[in-house]
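Structure assessment
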Amino acid sequence: MLPHLSRLNHHLNITTPVVFMLASLLGILLLSKSSFANPLPEFTRPAHTVYGYHPSWGGDPMLVDLTPLTHIAVFAIDLQNDGSLTGTSHWHSVAPTLVERAHNMDVRVHLCFTAFYDWSAQTHPTDFVLADPTMRANLANELASLVNQYGADGVNVDIETMSSSQRDNLNDFVSLLKQQVDEVFIALPAVDWSNAYDETTLAELSDGLFIMAYDYHWSTSDPGPVDPLYASSTWGDYAIDPTTQTYLDLAPADKLILGLPLYGRDWPSVDHTIPGTATDSGDAVTLQDVPYLEQTYSPQYDTASNSYYILYPGHQIWYPTIDSVQERISYGMDQNLQGIGFWALTYEDSDSNFWEMVLDEVGVLETSEPSNEPSSEPSSEPSNDPNNEPSNEPSSEPSGESSSSAIALAGDDQIVYVGDDVKLDGQTSTGTSFLWMQTYGVTVNLRHQEEPVASFTPFEAGTYAFDLEVTSESATSRDRVVVVAMDQEEKRGACQHVSSSSWLLILMSFLFARRKNCLPSSASSVKN
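Residues numbered from 1 in each chain as written. Predicted model: local features only at pLDDT ≥ 70, side-chain atom pairs only at ≥ 80, totals over all residues. Heavy atoms only, no water.

This next bit is on the overall build of the protein chain. Per the secondary structure count, the protein chain includes twelve helices and 20 strands. For the protein chain, buried positions account for 51% of its 528 residues. Of the roughly 23,400 Å² of accessible surface on the protein chain, a fraction of 49% belongs to carbon and sulfur atoms. (Helix = DSSP H or I, 4+ residues; strand = E, 2+ residues; numbered from the N terminus. Buried < 20%, exposed > 50% of the residue type's maximum accessible area, 1.4 Å probe, protein only. Areas by Shrake-Rupley, 256 points an atom, 1.4 Å probe, with all protein chains shown as cover.)

Following this line, the structure appears as structure tokens:
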């Protein structure tokens, strides 16, 4: 297995307080100018469906920037042979806050329901549950209850390797479910090997078919592209294009979502021959691993599959890049599909460059900030804004700030010491609800996340960044604050160097100013 494929932890070997402060301040500049540059504008909405699965192992979905999405599916609760559901505790823990936040951003929340073949028992739960009319109806009722309990928007049905004997029963189940929830989306395989699914009827009954256009090469297969774009003599007839064309023969384009992988695989292999032969199962690599991979090894491009790969001793890695994903989204848009989607959110590490590319490809709706339409109620108090021209127009608000406005102000950047109780102060913000989210640095226990003032204690030296998201009735705003934590043993030494390093304070102020200029005081931005 290739080492260091998870996110790298960089540890600075600090020899003097001055060097440490310079490195930390440089970190602030880099964070503000590269990682956080060009935030997605507020009120940006995709012109086509952008569907993302958020897996239970992906951390807190409240930390996901929802701006570029139309749907987020919470993965997953799983069906058992007796009709019971496992994994519901995760849904109950995240749905109450996620639904409210998503709806404030015009994003729909789905509960993802799964059913998989049990290879050890050689059974599939649908052979017991969907086959029984009473259990089938009870399942639809229970799923609808879970969704409607929190005001969520629908169910994503992900039933894989199902027997063709349950084809009609699945249709009936989807019909029962659709009667009780607003939306039903159905995940379907790239290749329906056993004709188990009635794609035409399912398209009629549901709001969308999520085509899982991936795993053309899988963990136990030989090395190769996970999502080849076109059929070829090298890789055969199975690829995204023939899969999509098959679905277009069975269902309207406006019911199809092209599902794309944000992962690839690293296979141990006999040699570097392409196509190769695996010597063991392949391990997953994700889009967030790509910078490390391409800095460490020499990437190559396979024209037969429109895919990137890397060869290193005893291994072949086939993986996605922003460019390769863009090529596939562009293909989907050329087919006039309802939209595109991803397995899975967090695999891209919330890269703003990635999401800007996605919105460029799918297009955005022409929207603007909510306007304060005039009403019959006059304003009882003058504006406190000295730049505001007097107006004779009536206002919908009797006084003070408009209830539709949202302005996030996360406070000044800070230099603190390890072990300090650090306060993040957003009290000058305007809005009705608050959410603090850590977006950079070693994970900390962030206290009072849903209050204007949050706090945390850094236990390691380094740079930390936090976003404050403020929402109102019809607006969302986000601002970022950066905190640099120094080691306690450097505290005394840092004070001793101040008199001889006063220029450093000027540099510090300069960098802070540069950071503030890079990020508007009120902006909706992608976390990093």
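Following the structure, the description resumes.
Moving on to empty space enclosed by the protein. For the structure on display, the rule yields two cavities of 30 Å³ or more. Each pocket or cavity is described by its volume, and for the largest cavity that value is around 40 Å³. When residues of the lining of the largest cavity are traced back to their parent elements, those giving at least two are strand S9 (263-268) and strand S13 (315-319). (1 Å grid on protein atoms, 1.4 Å probe; cavity = no way out; pocket = protein on both sides within 12 Å on 5 of 7 lines; lining within 4 Å. Points joined across faces, edges and corners; volume = space filled by probe spheres on them.)

Our focus in this paragraph is the sheet that holds strand S11 (residues 300-302). Read across the sheet, five strands follow the order S10-S9-S13-S12-S11 without closing on themselves; strand pairing throughout is antiparallel. The open sheet has two edge strands, strand S10 (283-286) and S11, and neither has a second partner. Between one strand axis and the next, the sheet turns through 30 degrees on average, direction left out of account. (Pairing = 2+ DSSP bridges. Axes fitted to C-alpha atoms, helices over the stretch in contact; angles between N-to-C directions.)

Turning to the environment of Arg265, a few remarks are in order. Along the chain, Arg265 turns up in strand S9. Since its relative accessible area comes to 14%, Arg265 is described here as buried. Once the C-alpha coordinates of Arg265 and Ala284 are considered, the two residues, 19 residues apart in sequence, prove to be 4.5 Å apart. Ignoring any residue separated from it by four or fewer positions in sequence, one finds Arg265 in contact with Asp215, Trp218, Ser219, Val226, Gly282, Asp283, Ala284, Val285, Gln316, Ile317 and Trp318. (Contact = heavy atoms within 4.5 Å.)

Buried residues dominate strand S5 (residues 154-159), accounting for six of its six residues. Burial along S5 is two-sided: Gly154, Asn156 and Asp158 and Val155, Val157 and Ile159, pointing in opposite directions, are all buried. Here strand S4 (residues 108-115) pairs with S5 via six bridges, running parallel. Residue pairing across strands places His110 opposite Gly154, the latter belonging to S5. Of the strand pairs in this sheet, S5 and strand S6 (residues 183-189) are connected by four bridges, and their pairing is parallel. Residue Val155 lies in a different strand from S6, and its bridge partner there is Val184. With helix H5 (residues 167-178) bridging S5 and the parallel S6, this β-α-β connection has right-handed handedness. (Right-handed = clockwise from strand over helix to strand, strands pointing away.)

Take helix H9 (residues 322-334) next. Here H9 is 13 residues long and its end C-alpha atoms lie 18 Å apart, about the 18 Å a rise of 1.5 Å per residue gives. In this fold, the buried residues of H9 make contact with helix H7 (240-250), strand S8 (256-261), strand S12 (307-312), strand S14 (339-343) and helix H10 (352-362). At the exit of H9 stands Asn336, carrying a positive phi of roughly 60 degrees. (Expected span 1.5 Å × (residues − 1).)

Moving on: the packing of aromatic side chains. Throughout the structure, instances matching the rule amount to 25 aromatic pairs. The interplanar angle of 90 degrees and the centroid separation of 6.0 Å between the aromatic rings of Tyr230 and Tyr331 together place this pair among those described as edge-to-face. Of this pair, Tyr230 sits in the loop between strand S7 (208-212) and H7 while Tyr331 sits in helix H9, and the two are 101 residues apart along the sequence. Residues Phe342 and Trp355 carry aromatic rings whose centres are separated by 5.7 Å and whose planes lie at 85 degrees to one another, so their mutual orientation is edge-to-face. Here the residue Phe342 occupies a position in strand S14, and Trp355 occupies one in helix H10, the gap between them amounting to 13 residues. (Phe/Tyr/Trp six-rings, centres within 6.5 Å; stacked < 30°, edge-to-face > 60°.)

Bringing the pattern of salt bridges into the picture now. Under the defined criterion, the tally for this structure stands at 13 salt bridges. Notably, a salt bridge pairs Arg167 with Asp198, separated by 3.7 Å at the nearest N-O pair. Of this pair, Arg167 sits in helix H5 while Asp198 is found in the loop between S6 and helix H6 (199-205), placing the two residues 31 residues apart along the sequence. Accessibility expressed as a relative area gives 13% for Asp198, which makes it buried. (Salt bridge = Lys/Arg side-chain N within 4 Å of Asp/Glu carboxyl O.)

With that settled, the discussion passes to the sheet that holds strand S15 (residues 414-417). Here we have four strands laid out as an open sheet, ordered S15-S20-S19-S17, and mixed in their pairing. Where the open sheet ends on each side, the last strands, each with one partner, are S15 and strand S17 (433-440). The average undirected angle you get between the axes of adjacent strands in this sheet is 30 degrees. Strand direction decides the pairing type here: strand S19 (residues 462-471) and strand S20 (residues 476-486), joined by ten bridges, are antiparallel. Bridging from a neighbouring strand, Ala465 pairs with Val482 of S20. Contacts from helix H2 (residues 88-104) reach S17, S19 and S20 within the one sheet, and its direction differs from that of S17 by about 95 degrees.

The quantities given are spatial measurements derived from coordinates; they are silent on function.
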